[in-house]
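Letter by letter, the chains look like this.
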Amino acid sequence: MTASPELRTSRTASPELLRSVFRQHAAGVAVITAAGDRPVGFTATSLNSVAAEPPLISFGVGTSSSSWPVVAEAEHVGVHILGEHQQELAATFARSGADRFGPSTRWRSGPEGVPVLDGVLAWLVCRVVARIPAGDHRIVVAQAVVGDPAGGGRPLLYHQGRFTALRD
């Protein structure tokens, strides 16, 4: 048996290989927020629905992230599904050192004091139930407490290292 051409180009696992493979994976874009002495937030493409009963979600956060110290202690987090019109907002929350809650970000203090972003397709406030070590990240599992799915519009996606929209 001979190896197919696709297998001959395989590479040993590395951070670069993982990034290259996942550039091929289109992912929805979310912003995760939490309240501490100051509000924090970050762009996430690792958001997942875990279970319907109870309603659980998960996301990953780097332990070197400026948001991690607050998320590490937060009882509740905000989960915001971004629309295709929110590429700039996604970029702001993805950029290191950005003033994420500055004048260009419309938000309010929501349930449980969690920062809730305006104009998103949908949002949840979730109670954190677990923080699981995973390499240089933590996987946060949280149970939905309250939310609003009624923003309407089309989702923002991340693919090939850039924000993009669905095409018909």
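Residues numbered from 1 in each chain as written. Predicted model: local features only at pLDDT ≥ 70, side-chain atom pairs only at ≥ 80, totals over all residues. Heavy atoms only, no water.

## Some points on the side chain of Thr-33
Structurally, Thr-33 is set in strand S2 (residues 30-35). Overall, the relative accessible area of 1% leaves Thr-33 in the buried class. Not counting chain neighbours up to four residues away, the residues in contact with Thr-33 comprise Val-40, Gly-41, Val-77, Gly-78, His-80, Phe-101, Val-114, Pro-115 and Leu-117. (Helix = DSSP H or I, 4+ residues; strand = E, 2+ residues; numbered from the N terminus. Buried < 20%, exposed > 50% of the residue type's maximum accessible area, 1.4 Å probe, protein only. Contact = heavy atoms within 4.5 Å.)

## What about the nonpolar core?
The biggest cluster of nonpolar side chains holds 18 residues, and the ones touching the most others in it are Ile-32, Ala-34, Phe-42, Phe-59, Val-61, Val-71 and Val-77. Elements represented by at least two residues in this core include exactly S2, strand S3 (39-44), strand S5 (56-62), helix H3 (68-73), strand S6 (76-81), strand S9 (122-134) and strand S10 (137-148). In this structure, Ile-32 is in contact with Val-40, Gly-41, Phe-42, Ala-44, Phe-59, Val-77, Gly-78 and Val-79, ignoring residues within four places of it in sequence. Counting 15 residues, the second-largest nonpolar core is a separate cluster that includes Val-29, Leu-82, Leu-156 and Phe-163. (Core = buried A, V, L, I, M, F, W, Y, C linked by side-chain atoms within 4.5 Å.)

## Side note on a nonpolar patch on the surface
On the surface, Leu-18, Val-21 and Phe-22 cluster together into a nonpolar patch covering about 300 Å² of accessible area. Within the secondary structure layout, Val-21 lies in helix H2 (residues 15-22). (Patch = residues over 30% accessible without salt bridge, like charges linked within 9 Å, V, L, I, M, F, W, Y side chains within 5 Å. Areas by Shrake-Rupley, 256 points an atom, 1.4 Å probe, with all protein chains shown as cover. Salt bridge = Lys/Arg side-chain N within 4 Å of Asp/Glu carboxyl O.)

## Observations regarding the sheet that holds S6
In space, the seven strands of this open sheet follow the order S3-S2-S6-S9-S10-S5-S4, with antiparallel pairing throughout. The open sheet terminates on both sides in strands that have one partner only, identified here as S3 and strand S4 (48-51). Pairwise comparison of adjacent strand axes, ignoring direction, gives a mean angle of 35° for this sheet. Both S6 and S9 contribute to a ladder of six bridges, which runs antiparallel. By the bridge assignment for S9, Gly-78 is matched with Val-125. (Pairing = 2+ DSSP bridges. Axes fitted to C-alpha atoms, helices over the stretch in contact; angles between N-to-C directions.)

## Section: helix H4 (residues 87-94)
All of the buried residues along H4 are Leu-89, Ala-90, Thr-92 and Phe-93. Along the axis of H4, the buried positions cluster into a sector of 160°, meaning they face one direction only. Check the buried side of H4 and you find it contacts S2, S3, strand S8 (115-117), strand S11 (156-159) and strand S12 (162-165). (Arc of directions from axis to C-beta.)

## With respect to the layout of surface pockets
The space that makes up the largest pocket amounts to roughly 1500 Å³. Lining the largest pocket are 41 residues, and of these Thr-43, Ala-44, Thr-45, Gly-60 and His-137 sit closest to its centre. Of all the elements, S3 adds the most residues to the lining of the largest pocket, at six residues. Roughly 190 Å³ of internal volume is contained in the second largest pocket. Taken together, Gln-86, Glu-88, Leu-89, Thr-92, Ser-104, Thr-105, Arg-106, Leu-117, Asp-118 and Gly-119 form the lining of the second largest pocket. (1 Å grid on protein atoms, 1.4 Å probe; cavity = no way out; pocket = protein on both sides within 12 Å on 5 of 7 lines; lining within 4 Å. Points joined across faces, edges and corners; volume = space filled by probe spheres on them.)

## A word on unusual backbone geometry
In the segment running from Glu-53 into Pro-54, the intervening peptide bond is cis, with an omega of -5°. Position of Pro-54 among the secondary structure elements: in the loop between S4 and S5. In this model, Glu-112 sits at a positive phi of 60°, which is unusual for a non-glycine residue. By relative accessible area, Glu-112 is classed as exposed at 53%. Of note, the phi angle at Gln-160 is positive, near 55°, even though the residue is not glycine. Topologically, Gln-160 is positioned in the loop between S11 and S12.

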